[in-house]
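These are the residues of each chain, in order.
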Amino acid sequence: MIKEKNTKLHNSVFQILPWVIPAVFMLVWIIVSETGLIPTYLLPHPVEIGKAGYTYIFRNPGDAPFAGRFLNDAGASLMRVGSGFAFAVIFGLPLGVISGRLALVRKLVSTTINALRAVPGISWLPLAMIWFGIGIKTTVFLVALAAFFPVYLNAAAGAKQVNPLLLQAGAMMGVNRLRGTFAILLPGAMPQIRTGLRLGLGISWAYLVLGELTGVPNGLGAVIMDARMLGRIDIIVVGIIIIAVMGRAGDQLLKTSLKFCFKSARRMP
Amino acid sequence: MKPNSAAIFKARPGIRKALLEINHLKKVFHINGSSLNVLDGIDFSVNKGEMICILGRSGCGKSTLLKMLAGFLSFSSGEILLNGKPVENPGPDRCVVFQEDTLFPWLTVEENIAFGLRGRTRDKKAFDEEVERFLSLVGLGEFRNYLPREISGGMKQRVALARVLILKPEVLLMDEPFASLDALSREEMQNLLLSLWETLSHTIIFVTHDVTEAVTLADRILVMAKDPGRIHEDLRVDLPRPRQKEKSDFLFFSRKLYKGLRE
């Protein structure tokens, strides 16, 4: 017999589960640092990282190297990720949905897009620097380019596989094309669209750092690059952790706002 | 005293034009250079308020015929006239209840039923009342906030029925809608359909391969034969309702239809 789940226990286990791997990771880190298994010039002690993080985030600028740069850097990086990702969605989502539904458009664009997709983002870097110079434009360009492909491809696949019977049902109930698109097609494609957006936002962070490695004065990628030059491995780790946390928070924010805005995202099985 | 027009129609049914006319309808599929006659000259007409079953074995083209009536599929020649006007595209005057589950999975029972009505009326109160009325007509008031994946197959088909009946279609097209239900649910749905038909007096074309279902429901049964698909028999069923499957006149019709199907 299948036992009924103890939902209370089940829920509390689910609350804890996401933190298990980070906790184990921290524990191992502390052990190898305390015992000297890994020398601190390769991986600083967690306490050092904590101090560096505190300095970077909370202390006043000028007190120490990197002190108080956090707000400025995070703001700049968020701005770049946000606008790059926004461009990717503005172009990728409609184009993806249209080419998922119309064979004519799909034939027209898919070869080109798949060829461009094969080019690693990093190869655009030199060209982007020549076109846009060093700074926000290059970064936004790289982020937008990289995020475009997952957004486009998933929207196209999602729109293509929407159950044709749902669209027929709409047609026989007298639903016009415009309403059919927004009330049937997009909700029907929502699971894949959501996947595409999440992948796109994730890759945006990767290309953000790439774009910021080129010598911009601020941003999380720039901090990591500066720290590398100064040999401040603690600040590098702080930068990595901050990007990880912001990336995870961004993903959560994306999921939550989709759920808030769309029934089809809220009621996905 | 001036005779009213309804009385004239009653006295002389001959003048009354059929609601739906199907004339010399043909469908040829072309596959790899060879052509296949799926439907070879279908002729029949349907009067307002009639409940017609199209009965046939798999592959006789009965679903193809229904898809053409719905406007989902083009035909090779012939014509389909609804109130004298040719049928070309799908539209809410010819609603379909499909065999498959075609409810919108992201909408609740209530929202699915309201879907087609949205935008048709500005009167919020009348809209809500109408949705309420059809929710209770199919007996799903308590399940209004459930999602399709949370209810049974029979309940899904009730929603599918309510969401089109609410649009007051001229003709209701049903494509083996109860075929995937268990025997008891099927019987329940047949009874529900009959009682809705009596209250709302729709015109219904019901495709099925089930002889008992056809005799239970229909005023008139069109038996189709295959290779090429055509109407083999047009049988009027003048049994009183509710019909009992064990009675000899019911069995008489069943036997006759089985014989027709085998030929």
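Note that the coordinates shown come from a computational prediction; the quantities given were computed from them, not determined experimentally.

## Focus: the overall build of chain B
Step number 1: The secondary structure content of chain B amounts to eight helices and 10 strands.
Step number 2: In terms of overall dimensions, chain B has C-alpha extents of about 60 × 50 × 45 Å along its principal axes.
Step number 3: Counting the 263 residues in chain B, one finds 38% classified as buried.
Step number 4: By sequence separation, contacts in chain B at least 24 residues apart represent 69% of the contacts at least 6 residues apart.

## A closer look at the overall build of chain A
Step number 1: Scanning chain A for helices and strands turns up 11 helices and zero strands.
Step number 2: Within chain A, the proportion of its 269 residues that are buried is 34%.
Step number 3: For chain A, long-range pairs separated by at least 24 residues make up 70% of all intrachain contacts whose partners lie at least 6 apart in sequence.

## A few points about the sheet that holds strand β10 (residues 230-236) of chain B
Residue and element names in this part refer to chain B.
Step number 1: In space, the six strands of this open sheet follow the order β6-β7-β8-β3-β9-β10, with mixed pairing throughout. Since the sheet does not close on itself, it has two edges, and those belong to β6 (94-97) and β10, each with one partner. Each strand axis lies, on average, 20° off the axis of its neighbour in the sheet, ignoring direction.
Step number 2: Pairing of strand β9 (residues 220-225) with β10, which is carried by six bridges, proceeds in the antiparallel orientation. Considered in β10, the bridge of Arg 220 is made with Arg 236.

## A short note on the interface of chain A and chain B
Step number 1: Counting residues at the interface gives 14 residues for chain A, matched by 19 residues for chain B.
Step number 2: Contributions of two or more residues to the side of chain A that touches chain B are made by α7 (164-172), α8 (177-212) and α11 (263-266) of chain A.
Step number 3: Examining the composition of the side of chain A that touches chain B, we find that six residues originate from one element, α7 of chain A, more than from any other.
Step number 4: Here the side of chain A that touches chain B is composed, by residue class, of nine nonpolar, three polar and two charged.

## Examining the environment of Gly 196 of chain A
Residue and element names in this part refer to chain A.
Step number 1: Relative to the helices and strands, Gly 196 resides in helix α8.
Step number 2: Residue class for Gly 196 comes out buried when judged on the 27 C-beta atoms lying within 10 Å of it.
Step number 3: Once the C-alpha coordinates of Gly 196 and Val 28 are considered, the two residues, 168 residues apart in sequence, prove to be 35 Å apart.
Step number 4: Excluding its chain neighbours within four sequence positions, the residues that come into contact with Gly 196 are Pro 150, Val 151, Leu 153, Asn 154 and Ala 155.

## Concerning helix α6 (residues 183-200) of chain B
Residues and elements named next belong to chain B.
Step number 1: A rise of 1.5 Å per residue sets the reference length of α6, with its 18 residues, at 26 Å; its end C-alpha atoms lie 25 Å apart and thus fit the reference within 8%.
Step number 2: Among the residues of α6, those classed as buried are Arg 186, Met 189, Gln 190, Leu 193 and Leu 196. Looking down the long axis of α6, one finds its buried residues gathered within 130° of arc, a one-sided arrangement. For α6, exposure combined with an orientation more than 90 degrees from the buried face picks out Leu 184, Glu 198 and Thr 199.
Step number 3: On its buried face, α6 sits against α4 (124-137), α5 (153-165) and α7 (211-217).
Step number 4: Backbone geometry just after α6 places Ser 201 at a positive phi near 40°.

## Some details on the environment of Glu 170 of chain B
All names here are of chain B.
Step number 1: Examined against the element boundaries, Glu 170 turns out to sit in the loop between α5 and β7 (171-175).
Step number 2: For Glu 170, a count of 16 C-beta atoms within 10 Å puts it in the partly exposed group.
Step number 3: A sequence separation of 122 residues divides Glu 170 from Lys 48, and the C-alpha atoms of the two residues are 8.3 Å apart.
Step number 4: In contact with Glu 170, other than residues within four places in its own chain, are Leu 19, Leu 82, Asp 93, Arg 94 and Thr 203.

## Considering unusual backbone geometry
Residue and element names in this part refer to chain B.
Step number 1: Each neighbour pair has its own omega, and for Asp 227 with Pro 228 the value is -10°, a cis peptide bond.
Step number 2: Among the secondary structure elements, Pro 228 is positioned in the loop between β9 and β10.
Step number 3: Of the consecutive residues Arg 241 and Pro 242, the connecting peptide bond is found in the cis state with omega at 0°.
Step number 4: Relative to the elements of secondary structure, Pro 242 occurs in the loop between β10 and α8 (248-262).

## Let's talk about the confidence of the model for chain B
Residues and elements named next belong to chain B.
Step number 1: Summarising the model, chain B shows a mean pLDDT of 89, and 94% of its residues fall at 70 or more.
Step number 2: The model gives residues 1-15 a pLDDT under 50, and that stretch makes three contacts with residues more than four places away or in other chains.
Step number 3: The ipTM for the predicted assembly is 0.87, set against a pTM of 0.86.

## Re the sheet that holds strand β2 (residues 34-46) of chain B
Residue and element names in this part refer to chain B.
Step number 1: The four strands lie next to each other as β2-β1-β4-β5, forming an open sheet whose pairing is antiparallel. The open sheet is flanked by β2 and β5 (85-86), the only strands paired with a single partner.
Step number 2: In the sheet, strand β4 (residues 77-82) pairs with β5 via two bridges, with the strands oriented antiparallel. If you follow Leu 82 over to β5, its bridge partner there is Lys 85.
Step number 3: Relative to the sheet, helix α2 (residues 62-70) contacts β1 (20-31), β2 and β4, its axis offset from that of β2 by approximately 65°.

## Observations regarding the nonpolar core
Step number 1: Val 143 and Ala 147 of chain A together with Ile 52, Leu 55, Ala 162, Leu 173 and Ile 205 of chain B are the most contacted members of the largest nonpolar core, which has 129 residues in total.
Step number 2: A total of 16 residues in this core trace back to one element, the largest contributor, which is helix α6 (residues 136-160) of chain A.
Step number 3: Ignoring anything within four residues of it in the chain, the contact list for Val 143 of chain A reads Arg 80, Val 81, Gly 84, Phe 85, Ser 204, Tyr 207, Leu 208 and Gly 211 of chain A.

## A few points about the pairing of strand β8 (residues 203-208) of chain B
Residues and elements named next belong to chain B.
Step number 1: Most of β8 is tucked away: six of the six residues are buried.
Step number 2: On β8, burial covers both faces: Thr 203, Ile 205 and Val 207 on one face and Ile 204, Phe 206 and Thr 208 on the other are all buried.
Step number 3: Here five bridges tie strand β3 (residues 51-55) to β8, and the two strands are oriented parallel to one another. Bridged to Cys 53 within β8 is Phe 206.
Step number 4: Sheet analysis places β7 next to β8, joined by five bridges and oriented parallel. Its bridge partner lying in β8, Val 171 is registered against Thr 203.
Step number 5: A crossover connection joins β7 to the parallel β8 through α6; in handedness this β-α-β unit is right-handed.

## Focus: the pairing of β6 of chain B
Residues and elements named next belong to chain B.
Step number 1: Burial of the side chains of β6 extends over both faces: Arg 94 and Val 96 are buried on one face and Cys 95 and Val 97 on the other.
Step number 2: Pairing between β6 and β7: four bridges, direction parallel. Counted as the bridge partner of Arg 94 is Val 171 from β7.

Rules behind the numbers
Residues numbered from 1 in each chain as written. Chains lettered and ligands numbered in written order. Predicted model: local features only at pLDDT ≥ 70, side-chain atom pairs only at ≥ 80, totals over all residues. Helix = DSSP H or I, 4+ residues; strand = E, 2+ residues; numbered from the N terminus. Buried ≥ 20, exposed ≤ 12 C-beta atoms within 10 Å, placed from the backbone. Contact = placed C-beta atoms within 7 Å. Pairing = 2+ DSSP bridges. Axes fitted to C-alpha atoms, helices over the stretch in contact; angles between N-to-C directions. Nonpolar A, V, L, I, M, F, W, Y, C, P; charged D, E, K, R; others polar. Expected span 1.5 Å × (residues − 1). Arc of directions from axis to C-beta. pLDDT = per-residue confidence, 0-100. Core = buried A, V, L, I, M, F, W, Y, C linked by C-beta atoms within 7 Å. Right-handed = clockwise from strand over helix to strand, strands pointing away.

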